[in-house]
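Remarks on the overall topology
Next come the chains, spelled out residue by residue.
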Amino acid sequence: MSPTQSLWIVFFSFFSIQCSAAQDPCLQGHFMELDNLLKRSPTYTQDSTPLCDRYITEGWYRARDHVMSTSAPLLGKCGTLYPVWLKDPIPGAGEKQTLTACQIGFNENCASSYNIEVKNCTSFLVYNLKALSSCNAAYCFEHDNDCVNTSVENAQVSFHNVTWTTVVAGILKQYDPYVNLICSFTPVDDDTLLYHINWYVDNSTLIKSQTVDRTSSQNVILSAKDIHNAGKKIGIWILCTVGVKKPEIELPCSSTSSNLFFAGIEILNPTLTIERQGQATLKVRPTIPFAAESIEMNGIQSNSSLSIQLSFRGKDTEQKCKASGGFTDCEIKIPSYKYNERQKYEDPVNWRKDYTMEIFNSDEEDYYLADHHLVLQLKTNRPNGNGAKIFNEAEFSDVNVNVIESQEGWKGKRCSSYIDPHMTTFDGKIYECQAAGCFPGKTYILYRNDDHLQEVQVRHTSCWKYPRCVCAVAARSGQDVFTINFCDQNRLDSGDTEDLLSMSQTVYDNLTPLSTYFTKLCTCDDGNTHCSYKKYRECKTDVRGKEYHCILHSSSRKKRDLEYFSTVQHSEPQSDTVTKREARRKRQVISVSEAQDTCYKAFQQSSLYETCLQVVPNFSNESVLNCISDLSMTGEENLTQTHLNIALSQCQAYIVLNSTLEKEQPTLSEIMINLCPNNCSNKGLCSGGNCTCDYGYGGSDCSFDVLAPPTITRISDGGVCDKTEEPCDDITLYGEYFLENMGTTCYLTRKEMTETNITASEESYTVDLEERTLFEGYCRLEYSQTNTWSTTFQFKISNDGTQFSEIYSVYVYQSQCQIFNNDTGSVYFTLQDGYCYINGSCVQRGGLKNNDSCFQCDPDKDIYDWTQDCTTNGTTTASLISTGSSISNKPNGNRRKNTKQDPELSEDAIGLISAMVIITIAIISLTGYLVKAKCMKREEDRVSTLKNQETYDEVDPYLDCDIGARQENVQVNNIFPSMNADYRHSRPPTATSMSIDKPTNDLRSIYDRDHIDKMFNVVSVTDL
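Reading the values: the criteria
- Residues numbered from 1 in each chain as written.
- Predicted model: local features only at pLDDT ≥ 70, side-chain atom pairs only at ≥ 80, totals over all residues.
- Heavy atoms only, no water.
- Helix = DSSP H or I, 4+ residues; strand = E, 2+ residues; numbered from the N terminus.
- Buried < 20%, exposed > 50% of the residue type's maximum accessible area, 1.4 Å probe, protein only.
- Contact = heavy atoms within 4.5 Å.
- Areas by Shrake-Rupley, 256 points an atom, 1.4 Å probe, with all protein chains shown as cover.
- Salt bridge = Lys/Arg side-chain N within 4 Å of Asp/Glu carboxyl O.
- Disulfide = S-S within 2.5 Å.
- Pairing = 2+ DSSP bridges.
- Axes fitted to C-alpha atoms, helices over the stretch in contact; angles between N-to-C directions.
- Expected span 1.5 Å × (residues − 1).
- Lys, Arg positive; Asp, Glu negative; His and termini not counted.
- Polar contact = N/O pair within 3.5 Å; in protein donor to acceptor, adjacent residues only side chain to side chain.
- Patch = residues over 30% accessible without salt bridge, like charges linked within 9 Å, V, L, I, M, F, W, Y side chains within 5 Å.
- Core = buried A, V, L, I, M, F, W, Y, C linked by side-chain atoms within 4.5 Å.
- Phe/Tyr/Trp six-rings, centres within 6.5 Å; stacked < 30°, edge-to-face > 60°.
- Lys NZ or Arg CZ within 6 Å of the ring centre and 35° of its normal.

Within the protein, the regular secondary structure consists of 13 helices and 61 strands. Counting all 1024 residues of the protein, 40% fall into the buried class. Long-range pairs, those at least 24 residues apart, make up 63% of the contacts in the protein between residues at least 6 apart in sequence. Accessible surface, the protein as shown: approximately 57,000 Å² in total, 50% of it carbon and sulfur.

As a working rule, side chains carrying opposite charge can pair if their charged atoms are close by. Tallying each qualifying case throughout the model produces 22 salt bridges. Among the ionic pairs, Lys119 bridges to Asp24, the shortest N-O distance being 2.8 Å. In this pair, Lys119 is assigned in strand S6 (residues 112-120) and Asp24 in the loop between helix H1 (3-22) and strand S1 (32-33), connecting sequence segments 95 residues apart. Residue class for Lys119 comes out buried when judged on its relative accessible area of 14%. Where salt bridges share partners, they join Glu33, Arg62 and Arg64 into one cluster.

A word on the environment of Ile274. Position of Ile274 among the secondary structure elements: in strand S19 (residues 271-275). Sequence separation of Ile274 and Val403 is 129 residues, and the distance between their C-alpha atoms is 4.8 Å. Look past the residues within four positions of Ile274 in its chain and what remains in contact with it is Gln279, Ala280, Ile359, Asn361, Val401, Asn402, Val403 and Ile404.

To continue, consider the state of the cysteines. Summed over all chains, the structure comprises 15 disulfides. Linked covalently through their sulfurs, Cys676 and Cys686 form a disulfide whose S-S length is 2.0 Å. Measuring the twist about the S-S bond at about 90 degrees, one finds the Cys676-Cys686 disulfide to be right-handed. Here the residue Cys676 occupies a position in the loop between helix H11 (666-673) and strand S40 (684-687), and Cys686 occupies one in strand S40, the gap between them amounting to ten residues. Overall, the relative accessible area of 4% leaves Cys676 in the buried class. Note on cysteine connectivity: Cys746 is disulfide-linked to Cys779, with sulfurs 2.0 Å apart. An S-S torsion of about -70 degrees defines the bridge between Cys746 and Cys779 as left-handed. Here the residue Cys746 occupies a position in strand S47 (residues 745-753), and Cys779 occupies one in strand S50 (residues 776-780), the gap between them amounting to 33 residues.

It is worth spelling out the sheet that holds strand S48 (residues 759-768) at this point. The five strands are arranged S45-S52-S51-S47-S48 in an open sheet whose pairing can be described as mixed. This sheet does not close on itself; its edge strands, each paired only once, are strand S45 (720-722) and S48. Averaged over neighbouring strand pairs, the angle between their axes works out to 20 degrees when direction is ignored. Both strand S51 (residues 790-798) and strand S52 (residues 808-813) contribute to a ladder of five bridges, which runs antiparallel. Across the sheet, the residue bridging to Gln794 is Ser809, located in S52.

Here we come to helix H6 (residues 592-604). In this model, H6 (13 residues) spans 18 Å end to end at C-alpha, consistent with the 18 Å of a helix rising 1.5 Å per residue. Turning to H6, the residues buried within the fold contact helix H7 (607-615), helix H8 (622-634) and helix H9 (639-657).

Pairing between the strands of a sheet is mediated by backbone hydrogen bonds and can be parallel or antiparallel. The sheet built from three strands is open, its strands ordered S57-S58-S59 with antiparallel pairing. Both edges of this open sheet fall to strand S57 (848-849) and strand S59 (862-868), since each of them pairs with a single strand only. With three bridges connecting them, strand S58 (residues 852-858) and S59 associate as antiparallel partners. Counterpart to Gln856 in the pairing with S59 is Thr867.

Tracing the sequence through the fold places Glu296 in strand S21 (residues 294-297). There is no salt bridge for the buried Glu296, and the closest opposite charge comes from Lys173, which lies 4.7 Å off by N-O distance. One polar contact links Glu296 to Gln301, side chain to side chain, over a distance of 3.0 Å. Leaving out residues up to four positions away in the same chain, Glu296 has contacts with Ile171, Leu172, Lys173, Tyr175 and Gln301.

What follows is about unusual backbone geometry. A positive phi is found at Thr824, a non-glycine position, where the angle reads about 50 degrees. In this fold, Thr824 is placed in the loop between strand S53 (818-823) and strand S54 (826-831). Here Asn839, not a glycine, exhibits a phi torsion of approximately 50 degrees, which is positive. Tracing the chain through its elements places Asn839 in the loop between strand S55 (835-838) and strand S56 (841-844). The partly exposed category is assigned to Asn839, whose relative accessible area is 34%.

The subject of this paragraph is the pairing of strand S33 (residues 454-462). Strand direction decides the pairing type here: strand S32 (residues 443-449) and S33, joined by six bridges, are antiparallel. Opposite Asn449, over in S33, you have Gln454 as the bridge partner. Counting the residues that bridge the hairpin from S32 to S33 gives four residues, and of these Leu453 lies at a positive phi of roughly 55 degrees. As defined by bridge partners, S33 adjoins strand S34 (residues 468-477) across nine bridges and the pair is classed as antiparallel. Following the sheet pairing, Arg459 is matched in S34 by Ala472.

On the surface, Val470, Val473, Ile484 and Phe486 cluster together to form a nonpolar patch covering roughly 260 Å² of accessible area. Summarising the element assignment, Val473 is placed in strand S34.

Moving on to the nonpolar core. Judged by nonpolar contacts, the single largest core of 77 residues is most densely connected at Ile197, Trp199 and Ile238. In terms of residues, this core owes the most to one element, strand S11 (residues 172-186), which gives six residues.

Here we come to H8. Its 13 residues place the ends of H8 18 Å apart at the C-alpha level, agreeing with the 18 Å of an ideal helix rising 1.5 Å per residue. Of the positions making up H8, those classed as buried are Glu622, Ser623, Val624, Asn626, Cys627, Ile628, Asp630, Leu631 and Thr634. Among the structural elements, strand S29 (416-418), strand S30 (422-424), strand S31 (430-432), H6, H7 and H9 are those in contact with the buried residues of H8. Trailing H8 by a residue or two, Gly635 shows a phi angle of about 75 degrees, which is positive.

Tallied over the full model, the rule gives 20 aromatic pairs. Seen in terms of ring centroids, Tyr813 and Phe820 are 6.3 Å apart; in terms of plane orientation they differ by 50 degrees. Their pairing is tilted. Phe820 shares its class with Tyr813; the two are buried. Each ring, one from Tyr813 and one from Phe829, has its centre 4.7 Å from the other, and the planes form 15 degrees; the classification is stacked. Of the two residues, Tyr813 sits in strand S52 while Phe829 sits in strand S54, which places them 16 residues apart along the sequence. For the pair formed by Tyr813 and Phe829, the shared burial category is buried. Here the aromatic cluster, defined as three or more aromatic residues joined through ring pairs, consists of Trp164, Tyr175 and Tyr339. We note Lys796 situated over the ring of Phe804; from NZ or CZ to the ring centre the distance is 4.4 Å.

Before going further, it helps to spend a moment on the environment of Tyr418. Among the structural elements, Tyr418 can be located in strand S29. Residues Tyr418 and Ile646, spaced 228 residues apart in sequence, show a C-alpha to C-alpha distance of 8.7 Å.

In structure tokens:
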């Protein structure tokens, strides 16, 4: 080894050590600080803003003074619904380990698990946290020091008082008021403990923290100045959290949250209904008092009021909405009290009042209103004073105004499609869409509103032979499209660019977004607020008021799963071993008269249905007629209850839309509005129109058995997966319903199959089912380390380990060289002609092993291993090739031999060999040095001896050391007598370059005769 190589080895070793140190997560700057530690406590109950770590930035985190909980918390604790805790003990000091973190479920402490790295940095721990698979799930942490095992009670946020600052400037006095909120709670009995309070605004923003003792708990104040400094105004939601801690502890182990408090001015009726040429009253009420600056001059005080005015957001909107009179003519005034009246703020009766604004409609009745919806937008003015800055130009959420006709003709207008399907148009026409009208796979437009960018599309499938049932629906609002697809077959290739069920991104991109949707605005005319269409037609905007957004969780669907909707499934016949299908019950024949008796009897037994027929306008017996039609066509008597439920739902909808009827029939309205679907299926309690289901049941009507496994209707690609086309790392299941956090488990058995369809090995394992949507999930497929001919997976799923689905099979192969065969349910694979199958890979005829021409695929000789053939131009190579295994000669007829994999050296073996090579080189170098030194010593002795002799004819006893000294006696050109000049250089041997040399033991070609005689002690005749 040269010195240069040694230096490189040392450099790279040093560089590796430096890189390892640089990646140490314990070093400052290599980890992030975990937030919301108080809410992550096992004692903190989920509040109105639950934690969600589904979108956490993955990486190393430190939780200051906290450690991840190592005992299972309760469901709904740690500030979330599904806490995640550490199942394994933490590693020792300086160690890093991969541990199991468990997510709490409804029925178990480890409904799902995650592998996370944890390193003990001696003084603290760091965690390599991953994004969780669902929202309302978060990591659970607790304090690692002594905790106070108690909590406060009755935590709440409320208005406290108004404080004033005074500034005197000559004859002027300025009194500036600040509104204060208080976080009140009931302290614990121990006076030595402290209370840590956090103030949160708009669900998550922390704007202030305080620590107080028992005697100063009344000073837990959030002032208007704090709110303004945080960049907030009125119209916000505020909460406080209170934790109990010891004085020496920085943060408490747990905390108690208050309810949300709305700080601002409430709109009491955010939706108004006005008859044409009618009016309505908008009501607002402050939750905190308005207090403005007071100016005193010569003993007289004055102040200003808060004005809530019409707002026109958007460029040039105000000019389009300009009417006669100013916008300030239409306003709500909220007064404030002067400094000398400040005591009035102490009684909420003086400021917590209802303030109103009258809204008018002036549309005439002699034309049709194309749109019945308007929006009233409001904001405040700019009152005086620093304390009143939180009231400056505060925008309100939009007030929706619906104008209704005073005529009766519009009432009861609807369009619908349900069951198989029975359709009704807006003008009341009823028609059917069965075998002679609705084609399976085609997409139909059920409803479209171009003005509001709304649309509903449906698809149908065959059910009960002749009828058609809706199997897919797509609802659109702008560019937002929601789809539900139960269709068993794929869409026909219609090429329609408006097909919302095509799952085409191009179709969705071409939709008009809601950002271009303009809303008609109310305006001010002669001091009155008017919500009318005919006046100021261009008074509209696309800017919305303040909204609180909900989060729609993105799907983890993989790209290949989307292909199901746009490609044709495998056409191979599927047996019961591939996909088990439930046999359809034999159709029961029901005559029309029998169907009439069944349906009329069921509907007449419902007193609510009979009442709806008598009282509710426009409600008809349409559902009874549809029930008769369905029963006579399908023979399915269980459809009777479905039609009755639909009829009651229609009656409920008519009552909700008819405010007059609600006033005229209050008893019926209350019963119908609070009616629970299907009477909760007798598996729950009905209250206020909602079902509280018994244990084990869920759904809006408690008909869903949540403990039963999901119903699987099909699996992706019919249970056949081609590794040539995709990784085959999971199998997708379609059915109903794949619910989150139900602890659904996949029970799989993996069978490694030989080429003769014999099971070589078998292993069972379990994995968590991953939910993509309500109707789709997947199980991960795990493979062994050995290379086999094909792999068969058999699996079933369960929610509780006692109730299982049917068993399904998945066959994994490579279509590049394997042929799929299904012989009456027996699935096997055969090799294509012209291919070898070597070490789990397909190799075409002539393919080389690692570009080595001596080993190639020759199906005529061996289809399961490399064939050695180093023949070129008919001459066999005489060189040796190391393969790591012995090479045996086989007759040409042998098509197979036992596969031997090239042995792979482990890292330890490589290191040992490297060390041996280095030691060997060192020994050789040292030996050469010693031999050379010895030879030089002997040469010196020889020269010294020769100086004392008269002749030099005696044979040198150290001839082996005298090569350099006697080169003049060597005839180099005669060493290789058979080689010309071209062959006197080092080169690899070939079949044409190899030759047989003559024996080289004839030393006469190298040394002269006298020298040879001296070497062998031959005495000449003349010497005798």
